[in-house]
Amino acid sequence: MKLSFHGAARGVTGSCHLVECAGKKILVDCGMFQGPREIEEENAAPFGFSPGQIDVLLLTHAHLDHCGRLPLLVQRGFRGEIVATPATHDLARLVMLDSAYLHEEAGKRAQRHGKPGDALYDTMDALDAVDRFGRTARYGVPIAIAPGITATFFEAGHILGSASILLELSEEGRHKSLLFSGDIGPQDRLLLNDPAPPEGVDIVVMESTYGDRDHRPLGNSLTEFYAAIRATLTRGGNVIVPTFALERTQEILFALHQGAAQNAIPRTLPVYLDSPMAISATRIFGRHPDALRPEIAAMITSGRDPFGLPGLKVTREAADSMKLNEVHGGAVIMAGSGMCTGGRVRHHLRHNLPNPDSSVIFIGFAAEGTPARAIVDGANEIKLLGKTIPVRASVHTINGFSAHAGRKDLIAWHNRTKTRERTFLVHGEEKPMKALAEALAPARVDRPRPHQSFEI
Ligand SMILES: [Zn+2]
C-alpha cells in the first residue's frame, strides 16, 4: 500500500493525495493551486500520476483548492467515478463552472494583449467533470470502492457537505485504516454541525492551516459585527462586507437575520447581496437542510428562510450592481471577492473607502499581497481598478467567523481520532504546520514534500 502527496504538501492549496492498494488507485481531492503567479503556474504542470489510471476520486468538499483541478483531470484522461456528499456535488458543480468561466475570460484577456491565451480548462471540461459524479455519500455509511476497500464520509464542519474520509484498505491479508481530515471546521458554528471524526484509526492525513493560533469566540465576533453596523448607520455611511461566496456569505446572512430578530440591528436594514455566485450558493444551502444544524434545518423544513431578511435585495445583473453606486448611505453591501482581488466588491470599495462615514468589515482570511490585507494593515491608500483610492472609511477585522478550526480545536480533533501509527500534516504554511507537529508530540508526525510517497 502506498500514499503519495501531489498537492497541499508544505502549502495550503492544491489538495491532491493518492492511495494505491490492491491494484487500485484512489485519489482524494484534486484542488487548484492558488496564490501568486509562480504557485498558480503549478496548475498546468503534470499531476505526478497518470489521470487515466485513477479508478475513483473521493472529494472532501467543494472549495476550489480541493475540487478546482477536476475539470483538468478529466481533460487529461480521468474516466473514473467521483464520490462526494450530495451538498458537495451541488456546490462543486457551481465552483467548477465559475472557475471555467474565469479561466475562459482570462484566456480572452491574454489574447487581446497578443499572448497565447489558452485557458487551463473551459466550460465543456467542467461539464465533463460534473458528468463523472456518481454515487453520493451519507455521513457514517460505508461505500464499497473495490473488493477490500471501503470509504466512509464523516462530518468535517467546514462548509456545507464537507467531510473527513476514512479509507479501510486490505491487501494480501494486511489491513489499514487511513483517515483524511479534509478541512476541519471549528466547534459551535452558526449553521454547521461540529466535526465528528471516527475514533481509532491507523494513519491520519490532517490539515494544519491554523496550527499556531486560535480564533476569537464567535459570540464576541457577532457583538462586534452588530456594533460596527450600528455605528456606521448612525454616521450615515454604508457597510461594505467583502465576502466569500460559500459558507461565509450564508453565515453573515444568518447573523443579520438573527441580529434583526434580536433588535441588535434595524429590522428593515437594507442589505444587498451583490454576487451571482453567492446567490446561487445560498439556494443550494436551502436545498440541503440535512447538512445543517438541526435548528437551522427545522427552520427550512417549516418554510422559514434562515437567510432571509425584510430588507434583502439580491443583484445578479451587472446593471443592478452598478445602480448600488447611487446608494450613498444606510445600507449593508455584501460582494465578492473576499480578499478584494477581483469581483464587484472593488467597485463598492472605490465608492466607499474615501468616505469616513462608511465602513469595511473583513470577516475572512486576507492573504499577503491582496488589497484586503493592505487595508487591514492600515494603508492610507490602495490601488484598485487602476486608480489610487484613499482609505478614510473605518476598517474592522472580525475573525470569529473562520471556517477553519483554530489550534485548540485541531488538537482536540486529532485526540478524538486516537491515531495508532502516524500522522501526516498537509494544507498549512511552514510555521503553523511545525507548531501543530510539536503540539501533537509524542505522536509520530511527518510533513511530506510535494510528490513524496510513503509505503504504509
Ligand atoms: Zn476548504
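Residues numbered from 1 in each chain as written. Predicted model: local features only at pLDDT ≥ 70, side-chain atom pairs only at ≥ 80, totals over all residues. Heavy atoms only, no water.

Undergrad: So what exactly am I meant to see when it comes to unusual backbone geometry here?
TA: One can expect most non-glycine residues to show negative phi and most peptide bonds to be in trans. The residue after glycine 336, namely serine 337, is reached through a cis peptide bond having omega 5°. Mapped onto the secondary structure, serine 337 falls in the loop between strand 15 (332-335) and helix 11 (345-352). With omega at 10°, the peptide bond leading from alanine 441 into proline 442 counts as cis. Its location among the elements puts proline 442 in the loop between helix 14 (430-439) and strand 21 (445-446). Despite not being glycine, histidine 451 shows a phi value in the positive range, around 70°. Of note, histidine 451 is situated in the loop between strand 21 and strand 22 (452-455). The exposure class of histidine 451 is partly exposed, given its relative accessible area of 43%. (Helix = DSSP H or I, 4+ residues; strand = E, 2+ residues; numbered from the N terminus. Buried < 20%, exposed > 50% of the residue type's maximum accessible area, 1.4 Å probe, protein only.)

Undergrad: What exactly am I supposed to notice about the sheet that holds strand 19 (residues 394-397) here?
TA: What holds strands together in a sheet is hydrogen bonding between their backbones, with the strands either parallel or antiparallel. Spatially, 6 strands are ordered 14-13-15-12-16-19 in an open sheet, and the strand pairing comes out parallel. At either margin of the open sheet sits one strand with a lone partner, and together these are strand 14 (312-314) and strand 19. Across the sheet, the mean angle separating the axes of adjacent strands is 20° when strand polarity is ignored. Pairing geometry for strand 12 (residues 239-242) and strand 16 (residues 359-362), over 2 bridges, is parallel. From the neighbouring strand, isoleucine 240 faces strand 16, where its bridge partner is valine 360. Packing against the sheet, helix 11 makes contact with strand 12, strand 15 and strand 16, and its axis sits at approximately 150° to strand 12. (Pairing = 2+ DSSP bridges. Axes fitted to C-alpha atoms, helices over the stretch in contact; angles between N-to-C directions. Contact = heavy atoms within 4.5 Å.)

Undergrad: When you look at the pattern of salt bridges in this model, what are you seeing that I'm missing?
TA: A side chain with one charge may pair with a side chain of the opposite charge, provided their charged atoms come close. For the structure shown, the criterion picks out 18 salt bridges. Salt-bridge contacts for aspartate 202 lead to arginine 420; the nearest nitrogen and oxygen are separated by 2.9 Å. Note that aspartate 202 is positioned in the loop between strand 10 (174-180) and strand 11 (203-207) and arginine 420 in the loop between helix 13 (407-417) and strand 20 (422-426), a separation of 218 residues in sequence. Assessed through its relative accessible area of 54%, arginine 420 is described here as exposed. Residue aspartate 212 pairs with arginine 213 through a salt bridge whose shortest N-O separation is 3.2 Å. Since its relative accessible area comes to 39%, arginine 213 is described here as partly exposed. (Salt bridge = Lys/Arg side-chain N within 4 Å of Asp/Glu carboxyl O.)

Undergrad: Would you take a moment to explain the domain arrangement of the protein for this structure?
TA: Interface size, as often reported, equals the accessible area lost upon joining of the parts. Here the protein is described as being made up of domain 1 (2-213 + 403-455) and domain 2 (218-401). Relative to domain 2, the C-alpha centre of domain 1 lies at a distance of 29 Å. With 24 residues of domain 1 in contact, the opposing surface of domain 2 contributes 26 residues. Of the roughly 2200 Å² buried between domain 1 and domain 2, counting both surfaces, carbon and sulfur atoms make up 64%. (Domains from an automatic or database assignment. Buried area = accessible area lost by both parts, 1.4 Å probe.)

Undergrad: Even after reading the chapter, I still don't get the sheet that holds strand 6 (residues 133-136), so can you show me in this structure?
TA: Across the sheet, 7 strands lie side by side as 6-5-4-3-2-1-22; this open sheet has mixed pairing. Each having just a single partner strand, strand 6 and strand 22 make up the two edges of the open sheet. When strand polarity is set aside, the average angle formed by the axes of neighbouring strands in this sheet is 25°. Examined bridge by bridge, strand 1 (residues 2-5) and strand 2 (residues 17-21) share 4 bridges and lie antiparallel to one another.

Undergrad: Hey, could you run me through helix 4 (residues 86-112) in this one?
TA: Each α-helix winds once per 3.6 residues, and so residues spaced three or four apart point in a common direction. Between its first and last C-alpha, helix 4 extends 40 Å over 27 residues, near the 39 Å set by a 1.5 Å rise per residue. Among the residues of helix 4, those classed as buried are Pro86, Ala87, Thr88, Leu91, Ala92, Leu94, Val95, Met96, Ser99, Ala100, Gly107 and Ala110. Tucked inside the fold, the buried residues of helix 4 contact helix 2 (64-67), helix 3 (70-75), strand 5 (81-84), helix 5 (123-131), strand 6 and helix 8 (276-286). Looking one or two places after helix 4, you find glycine 114, whose phi comes out positive at around 75°. (Expected span 1.5 Å × (residues − 1).)

Undergrad: For this particular structure, what's the right way to read the coordination of the zinc ion?
TA: Around a metal, the idealised angle for a tetrahedral arrangement of four donor atoms is 109.5 degrees; for an octahedral arrangement of six donor atoms it is 90 or 180 degrees. Within the first shell, the zinc ion binds the protein through His61 (NE2), His63 (ND1), His158 (NE2) and Asp183 (OD), at distances of 2.2 to 2.3 Å. Because the angles between the 4 donor atoms bound to the zinc ion fall within 89 to 166°, the donor set is best described as irregular. For the zinc ion, the single-chain donor residues occur in sequence as H-x1-H-x94-H-x24-D. Of this pair, histidine 61 sits in the loop between strand 4 (56-58) and helix 2 while aspartate 183 sits in the loop between strand 10 and strand 11, and the two are 122 residues apart along the sequence. By the burial criterion, histidine 61 is buried, and aspartate 183 matches it. (Donors = N, O, S within 2.8 Å, 3.2 Å for Na, K, Ca; no water. Tetrahedral: all angles 85-135°; square planar, octahedral: opposite > 155°, others 65-115°.)

Undergrad: Sorry, what's going on with the packing of aromatic side chains here?
TA: Two numbers describe a pair of aromatic rings. These are the distance of the centres and the angle of the planes. Using the criterion set out here, one finds 7 aromatic pairs in the structure. Seen in terms of ring centroids, phenylalanine 225 and phenylalanine 401 are 5.9 Å apart; in terms of plane orientation they differ by 75°. Their pairing is edge-to-face. Highlighted residues: phenylalanine 225 in helix 6 (residues 218-235) and phenylalanine 401 in the loop between strand 19 and helix 13, separated in sequence by 176 residues. No difference in accessibility class separates phenylalanine 225 from phenylalanine 401, as the two residues are buried. Between the aromatic rings of phenylalanine 285 and phenylalanine 307, the centroid separation amounts to 6.0 Å while the plane-to-plane angle is 90°, which identifies the pairing as edge-to-face. In this pair, phenylalanine 285 is assigned in helix 8 and phenylalanine 307 in the loop between helix 9 (294-301) and strand 14, connecting sequence segments 22 residues apart. An identical accessibility class is assigned to phenylalanine 285 and phenylalanine 307; each is buried. Three or more aromatic residues joined by ring pairs form one cluster here, namely Phe5, Phe424 and Phe454. (Phe/Tyr/Trp six-rings, centres within 6.5 Å; stacked < 30°, edge-to-face > 60°.)

Undergrad: Even after reading the chapter, I still don't get the environment of leucine 273, so can you show me in this structure?
TA: Secondary-structure assignment places leucine 273 in strand 13 (residues 271-273). When near neighbours in sequence (up to four residues on either side) are disregarded, leucine 273 contacts Thr249, Leu253, Ala278, Ile279, Thr282, Leu312, Lys313, Val314, Thr315 and Met334.

Undergrad: Can you walk me through helix 9 in this structure?
TA: Considered for burial, the residues of helix 9 that qualify are Ile296, Ala297, Met299 and Ile300. Taken end-on, helix 9 shows its buried residues confined to a sector of 155°, consistent with a single buried face. More than 90 degrees from the buried face of helix 9, the exposed residues found are Pro294 and Thr301. Looking one or two places after helix 9, you find glycine 303, whose phi comes out positive at around 90°. (Arc of directions from axis to C-beta.)

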